[in-house]
Structures are given as C-alpha cells and as structure tokens.
Amino acid sequence: MSGASTPGPHGPEATTAALRDGAEGSQLQPELLISDLLRYGVAASLSLVTLGTVVTFFRHPDYLVSTEALQRLTSPHPVPHTLRDVMEGALAARGRAFVMVGLLVMMAVPVMRVALSLLIFRQQKDRLYVGITAAVLAMLVLSFLLGAVH
Amino acid sequence: MTPFLFMLVVLGFSVGAGLLGSLLGIGGGLILIPVLTLLLKVDIQYAVGASIVSVIATSSGAAAAYVRDRMANTRVAMFLELATTAGALSGAFLSGLVGGRGVYLVFGAVMAWSALVMLKRMRVGGEVPVPVDPLADRLALHGSYWDEAQGREVAYRVTRPLAGLGLMYVAGTVSGMLGIGSGALKVPAMDLAMRLPLKVSTATSNFMIGVTAAASAGVYFARGNIDPFIAGPVCVGVTLGAWLGSRHLMARVTGTWLRALFVGVLLWVAFEMLRKGWGP
C-alpha cells in the first residue's frame, strides 16, 4: 500500500484523512503507535537473532565446514528453555542465548501490542473496549503462566 | 550439509513462506512445517516450535504496514481476539488429549469445506446487501479502507459478530493444537460470516495471528521446542518475506485474483492434512 509511485493513504489524500480524523479526535495516531511498536519490536528481535547467529558462527568456525555438527541440530537435544537459562547464557555472551532473547522479544511483541491497545482505549474512555482488551491481556498472561507450569 | 548451509537453506525457504503467507493472510507455518520436516529432516517438535515464532513474526511484520494504512480493522481484531486466545489455550490442552491423526483429519475436512464455500461464492459473484446487526452497531465494528484498484475510500458494514466469535474460537483451537496461525480459517470467518471485504479480512487476520500464536508460544518455549538454530533463520526469513509481500504485492493483486489463489492454497493444504491423518 505504501508504494512510492501510486497515491495511497500517504499521498495527497493522507493530509485530508489526517485532518478529518483530527476533527473526530485523532483516530490515526493510535494506529501509528501500534504500527511503530510492531516495527521496532520486530527490528529489535531480528537484530538480536542476527547478532546471536553471527556470534555463534564466530565462536564455532567448524559450523562452516563440518557436516557432523548438523546432526546435533536436527535431532532432539536440550535447548535453553527457561528464562534463567536464557539470561545466564546472554550474560556469558553465548550466541545461542542471544538468539533466544531475540525470539523471546518476538513473543512479547503481541503481548505489548495488546497492552498498548488497552492504554489507548482507556485514553479514549471507551469502556466497552477497555473491558474486551483487558480480558484478552488476562488470557495471554494466563497462557504464559500455564506454559511455565507445564 | 554444514550448519551454515543448513541455516541458509532454512532462511531461503522462510523468505518464500513469509511472502506467500502475508499475501494470503496465513502465517506461513503450513508451508514451513512440511519443508522443515520432509525436506530438511528436522524433528517435528522443533519444526512446530520454529513455526509458532515465525507465525508471530509474519503477523507483526505485515500488520505494522496494514495498521498504518488503516487496512486492518483493529476493533474487529480486538473483539475477535477474545475468542482466538481462549481457543489457543483450549487447543494447547486438547493437543495432549487427542492424537495427532484425529487433529489432521478434522483440520483437512475444515479446510476443504472452507475452500468449497469460497469457490461457490466466487461463481455467484455480485454484491449481496449486508444484514443489519445491532451488536455490530453497539461494538462499532464498521469501517472503511482505501481501495488501490478503485482509487477511492470504500466503506463497509460488519454483521454476525457472534458467529465470527464462534468460528474464531475454532481457529484459535486449531492454532494452539498445530502451532500454526490458522489464518486460513480466520480469513473465511471474517470474509464469509462477518462480511468484511477480503482485503480487510486478510489484513485483520495478519493483525490477529500474532496474539493467537503468542498465547501458545509460551508452552512451546517451556517445552524446549524452540531451537535457536532453526527458529532463528525462520524468524528472520519469514519477516523479510512478509515485509516484501505487504509492501509490493498487496497493492497489485485484485480481490478476485487473491480469492482464486487462496482457494488453491486451501485445497492443497486440505489434501496434505488429510493425507497425514490417513497415511502410515
């Protein structure tokens, strides 16, 4: 939709749309906030994953040439799967743990998006949607708690 | 194959899956799981773990653009997420109770049914008036979007929010069971039951999928099924593909084209699922 050659919501129409929304009480702004959260969240996650991968290959040059190392990757083996494991690994500058932190950031992005929506609906004094969003957030927190119990 | 080459291959397939996924409003997990398990011989548990993260990546990557362009209906998304997250929780528990075979069979049947319904409506064509729904009015679900092909803002009305809620619960359950975004179930639910325009359904589905997947991702992480060497390149590749898809392809594909492509993918996936349930 944001192709530079075609006039879209960001062409000349964007100004009128922004003006119209401004009159209605800034409808566009929350959408920009959510869009930015998603973009920066994903960017942060991908940076960590890429950094972790580079560190891993830097520390294990044999991964570039050895075919035996792959066996370990495609068959079940313990990977860091508790928050403490991941944090300890990240502090020790283990590439794998950096990748895991990046993946955890990715998992947290939708949760943060819902939390941001909750704040936005509260600001708009939309009580019905504050309730709906709070229920969704509660469900997400519950699922992460149940996962930890597992 | 060296781990380096392995990761490059995974990255390549992930870019393709992300591109297709963002175009169709699916997370790409349905494409990735067969590729990882059948072609690259990755353990199914780890393929599913990587898939669930890729599902979040696709959703967030594409949704950022869709939300900014006001193509995704955020109110519809928030309302329906009540059902998808509850479903994802149920699905995570159900997967332990029923066998994988039964899940695949039910899934294949649902997919084939969705494809046939869409095919039927495609032949009929034409606009049918959207029935007035007091609950949809109360929830203020109606919206409008900028149509690139028509070059104007198109307003639309939404109907049957409770039917949508029910279908979304099913979609969430499937997502939690199989570790996929199940956009292939979300898009028809919004398109056919709630009568949102297909492009809005696709964008809103992308927006919702991340939250649905996040509801089950915690379980996969706790089980140790998210392997950094597989999920890492999958995550990067899928996001890249989804970004390319939402930026360059969406504007050029018309609704009918999108629908035809979508029906084709639905039928192919249905066949794959049924074969998995039936086969050895």
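Residues numbered from 1 in each chain as written. Chains lettered and ligands numbered in written order. Predicted model: local features only at pLDDT ≥ 70, side-chain atom pairs only at ≥ 80, totals over all residues. Heavy atoms only, no water.

## Thoughts on the overall build of chain B
A tally of regular secondary structure across chain B gives 11 helices and two strands. Its helices and strands in sequence order give chain B the pattern α-α-α-α-α-α-β-β-α-α-α-α-α, from N to C terminus. Residue burial in chain B is summarised as follows: out of 280 residues, 64% are buried. A separation threshold of at least 6 residues defines the contact pool for chain B, and within that pool the share at least 24 residues apart is 82%. Working note: accessible area of chain B is about 9,900 Å², and carbon and sulfur atoms make up 70% of it. (Helix = DSSP H or I, 4+ residues; strand = E, 2+ residues; numbered from the N terminus. Buried < 20%, exposed > 50% of the residue type's maximum accessible area, 1.4 Å probe, protein only. Contact = heavy atoms within 4.5 Å. Areas by Shrake-Rupley, 256 points an atom, 1.4 Å probe, with all protein chains shown as cover.)

## Here's the deal with helix H8 (residues 183-193) of chain B
Residues and elements named next belong to chain B. The buried count for H8 comes to 11 of 11 residues, which makes it a mostly enclosed element. What H8 keeps buried is the set Gly183, Ala184, Leu185, Lys186, Val187, Pro188, Ala189, Met190, Asp191, Leu192 and Ala193. Immediately beyond the C-terminal end of H8, within one or two residues, lies Arg195, with a positive phi of roughly 65°.

## Some thoughts on the packing of helix H5 (residues 95-123) of chain A against helix H9 (residues 198-223) of chain B
The contact between H5(A) and H9(B) brings their axes to 9 Å, and the two run at 130°. Classified by the angle their axes make, H5(A) and H9(B) are oblique. In the packing of H5(A) onto H9(B), the handedness of the crossing is left-handed. The segment H5(A) lies against H9(B), with Met100(A), Leu104(A), Met107(A), Pro110(A), Val111(A), Arg113(A) and Val114(A) engaging Phe207(B), Met208(B), Gly210(B), Val211(B), Ala214(B), Ala217(B) and Phe221(B). Classifying every residue of the contact of H5(A) with H9(B) gives 12 nonpolar, one polar and one charged. (Axes fitted to C-alpha atoms, helices over the stretch in contact; angles between N-to-C directions. Parallel < 35°, antiparallel > 145°, perpendicular 65-115°, else oblique. Left-handed = near helix turned anticlockwise from the far one by under 90°. Nonpolar A, V, L, I, M, F, W, Y, C, P; charged D, E, K, R; others polar.)

## Concerning the pairing of strand S1 (residues 143-147) of chain B
Where S1(B) meets strand S2 (residues 152-156) of chain B, five bridges bridge the pair, whose relative direction is antiparallel. Residue pairing across strands places Ser144(B) opposite Ala155(B), the latter belonging to S2(B). (Pairing = 2+ DSSP bridges.)

## A word on unusual backbone geometry
All names here are of chain B. In this model, Arg70 sits at a positive phi of 55°, which is unusual for a non-glycine residue. Note on placement: Arg70 falls in the loop between helix H3 (44-68) and helix H4 (74-97). Although it is not a glycine, Arg195 sits at a positive phi angle of roughly 65°. Topologically, Arg195 is positioned in the loop between H8 and H9. Residue classification places Arg195 among the buried positions, given a relative accessible area of 17%.

## A word on the pattern of salt bridges
Enumeration according to the criterion identifies six salt bridges over all chains in this entry. The shortest N-O distance in the salt bridge between Arg39(A) and Asp36(A) comes to 2.7 Å. Here the residue Arg39(A) and the residue Asp36(A) both occupy positions in helix H2 (residues 28-59), the gap between them amounting to three residues, near one helical turn. Salt-bridge contacts for Glu81(B) lead to Arg113(A); the nearest nitrogen and oxygen are separated by 2.7 Å. Here Glu81(B), found in helix H4, pairs with Arg113(A), found in helix H5, and the two come from separate chains. Taken individually, Glu81(B) and Arg113(A) each receive the classification buried, so the pair is uniform in this respect. (Salt bridge = Lys/Arg side-chain N within 4 Å of Asp/Glu carboxyl O.)

## Overview of the nonpolar core
The nonpolar side chains of soluble globular proteins are, as a tendency, buried together. Counting residues in hydrophobic clusters, the biggest one holds 96 residues, and the most contacted among them are Leu103(A), Leu36(B), Leu80(B), Leu141(B) and Ile226(B). Element by element, the count of residues in this core is highest for H3(B), at 14 residues. (Core = buried A, V, L, I, M, F, W, Y, C linked by side-chain atoms within 4.5 Å.)

## Examining the confidence of the model for chain A
Residues and elements named next belong to chain A. In the predicted model, chain A carries a mean pLDDT of 73, and the fraction of residues at 70 or more is 57%. Within chain A, the element-level pLDDT minimum falls on helix H1 (residues 13-24), averaging 42, and the maximum on H5, averaging 90. Every residue in residues 1-27 scores below 50 in pLDDT, and together they form 32 contacts with partners more than four places removed in sequence or on other chains. (pLDDT = per-residue confidence, 0-100.)

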